[in-house]
Amino acid sequence: IIVSLRQSGKCTLMCGDGTNDVGALKHAHVGIAVLPKAANSSQKQQKFLSKRDELLQQLEEENTVPQFGDASIASSFTSRNDNISCVESLIRQGRCTLVTTQQMFQILAVNCLMTAYSLSVLYSDGVKFGDTQVTVSGLMCAGFFFLISRSKPLKKLSPMKPHSNIFNLNVFFSVILQFIVNFICLLECVDIATKHLPKDFVMDPDKDFTPNVINTAVYYSFLSSLIGTFAINYKGHPFMESLSENKILYRSLLLSAVLVLTMSSELVPDLNELFELTSIPDEEARWNITFLVIANWIGSWICDRVAIFLFGPKAPKTTKSMKT
């Protein structure tokens, strides 16, 4: 039955509790061994665990059903309960893991595109970041990724299915559109800062780092892009807890956003000095850059939601037979 379902293109899951189920557990896409109460003792667990690696290797080589052992030997997962209530939990956790991988890919794609432009074109023009700036942005990125990986699935299984592959139109268009928005905001920040450079100022990429208005404007845009990609590409419902429910990540992103807005508006000059940022002499230019930081977040959010609306996963249509 399992082989026939697989040949017809179906995704199969098999639960079994005995040696007679090993063949089906092995051929199914997902196998779950259900341990009977009698087999749920630590002594018997130690017995089959000691033979697990050897039997699995033999099963791979011979591709036959073994005549001895436990269902856990051939299954990918093992449930200590003597029922199949673990199936829903496994699907919820699997969907959460898949969606987390997809959103990490989106975040990395947007950040890598922006970083590539900064390290190539802007660096050749003499724009570079200081040690403090690079350290802070690196710690932010690592911390956000760690907090995203700790997201938990929802307790209720959604009828909507996520994309089974990270290479889909939703991800592609979302990444491209977000990059365009971030790129335009970055160019606008550079254009505003360039107008306030001293007339005798010369950009030299070979010189040591010294704070200037272009470096400051680019760093504001870079941080806003970094924070925005994590907040906007976080998937949330219906596959995992929402951003507001992931309290540590939510508060970290909110605090980082307030930090960027405080620096770009220069409300606390000592903070800018700590981050090796120079003051932008014109007040109107400062507020224009602050506006671009906010516009970057809003524009990227709109682009991502448009991509989800057009190419995102859809809920299955309910039919009369399903309702009955």
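Each remark here, short or long, concerns the structure printed above.
Our subject in this report is the structure included herewith. Because the structure is predicted, anything quoted here is derived from the model rather than measured.

1. Let's talk about the overall build of the protein chain
Broken down by element type, the protein chain carries 11 helices and three strands. From first element to last, N terminus to C terminus, the protein chain shows the α and β order α-β-α-β-α-β-α-α-α-α-α-α-α-α. Long-range contacts, defined here as pairs at least 24 residues apart, represent 77% of the contacts in the protein chain between residues at least 6 apart. Roughly 18500 Å² of accessible area belongs to the protein chain as shown, and the carbon and sulfur atoms make up 61% of that amount.

2. Digging into the environment of F209
Following the sequence through the fold, F209 ends up in the loop between α6 (169–194) and α7 (213–232). Overall, the relative accessible area of 21% leaves F209 in the partly exposed class. Apart from the residues lying within four places of it in its own chain, the contact partners of F209 are K128, F129, G130, Q133, N215 and E276.

3. As for the packing of α6 against α7
The contact between α6 and α7 brings their axes to 8 Å, and the two run at 160°. As far as their axial angle goes, α7 and α6 are roughly antiparallel. Between α6 and α7 lies a crossing of right-handed hand. Residues Q178, N182, C185, L186, C189, V190, A193 and T194 of α6 pack against V213, I214, A217, V218, S221, S225, T229 and I232 of α7.

4. Some remarks on the environment of G31
Of note, G31 is situated in strand β2 (residues 30–34). Once the C-alpha coordinates of G31 and D21 are considered, the two residues, 10 residues apart in sequence, prove to be 9.8 Å apart. Residues contacting G31, with those up to four places away along its chain left out, are M14, L25, S75, S76 and F77.

5. Overview of the pattern of salt bridges
Should their charged atoms come close, side chains of opposite charge can pair. Counting across every chain of the model gives three salt bridges. We note a salt bridge from K195 to D191, for which the minimum N-O separation is 3.8 Å. By relative accessible area, which is 38% here, D191 ends up partly exposed.

6. Thoughts on the layout of surface pockets
The volume enclosed by the largest pocket comes to roughly 490 Å³. Around the largest pocket sit 14 residues that line it, and C11, L13, V30, I91 and R95 are the ones nearest its centre. With five residues, helix α4 (residues 86–124) is the single largest residue contributor to the lining of the largest pocket. Residue composition of the lining of the largest pocket, grouped by class: nine nonpolar, three polar and two charged. Size it by volume and the second largest pocket reaches roughly 360 Å³. As for the second largest pocket, its lining consists of 23 residues, of which K235, H237, F239, I308 and P313 are closest to the centre.

7. As for the side chain of N296
As for its position among the elements, N296 is in helix α10 (residues 283–311). A distance of 3.0 Å separates the side chain of N296 from the side chain of N182, its partner in a polar contact. With residues up to four places along the chain from it excluded, the contact list for N296 reads V181, N182, C185, S221, S224 and S225.

8. Here's the deal with the nonpolar core
Grouped together as the largest cluster of nonpolar side chains are 46 residues, with contacts concentrated most on F230 and L249. Only α4, α5 (131–149), α6, α7, α8 (247–265) and α10 provide two or more residues apiece to this core. With 10 residues, the single largest contributor to this core is α7. Those residues within four positions of F230 in sequence are excluded, and the remaining contacts are I107, N111, C141, F144, F145, I148 and L253.

What counts and how
- Residues numbered from 1 in each chain as written.
- Predicted model: local features only at pLDDT ≥ 70, side-chain atom pairs only at ≥ 80, totals over all residues.
- Heavy atoms only, no water.
- Helix = DSSP H or I, 4+ residues; strand = E, 2+ residues; numbered from the N terminus.
- Contact = heavy atoms within 4.5 Å.
- Areas by Shrake-Rupley, 256 points an atom, 1.4 Å probe, with all protein chains shown as cover.
- Buried < 20%, exposed > 50% of the residue type's maximum accessible area, 1.4 Å probe, protein only.
- Axes fitted to C-alpha atoms, helices over the stretch in contact; angles between N-to-C directions.
- Parallel < 35°, antiparallel > 145°, perpendicular 65-115°, else oblique.
- Left-handed = near helix turned anticlockwise from the far one by under 90°.
- Salt bridge = Lys/Arg side-chain N within 4 Å of Asp/Glu carboxyl O.
- 1 Å grid on protein atoms, 1.4 Å probe; cavity = no way out; pocket = protein on both sides within 12 Å on 5 of 7 lines; lining within 4 Å.
- Points joined across faces, edges and corners; volume = space filled by probe spheres on them.
- Nonpolar A, V, L, I, M, F, W, Y, C, P; charged D, E, K, R; others polar.
- Polar contact = N/O pair within 3.5 Å; in protein donor to acceptor, adjacent residues only side chain to side chain.
- Core = buried A, V, L, I, M, F, W, Y, C linked by side-chain atoms within 4.5 Å.

In short, geometric facts, not functional conclusions.
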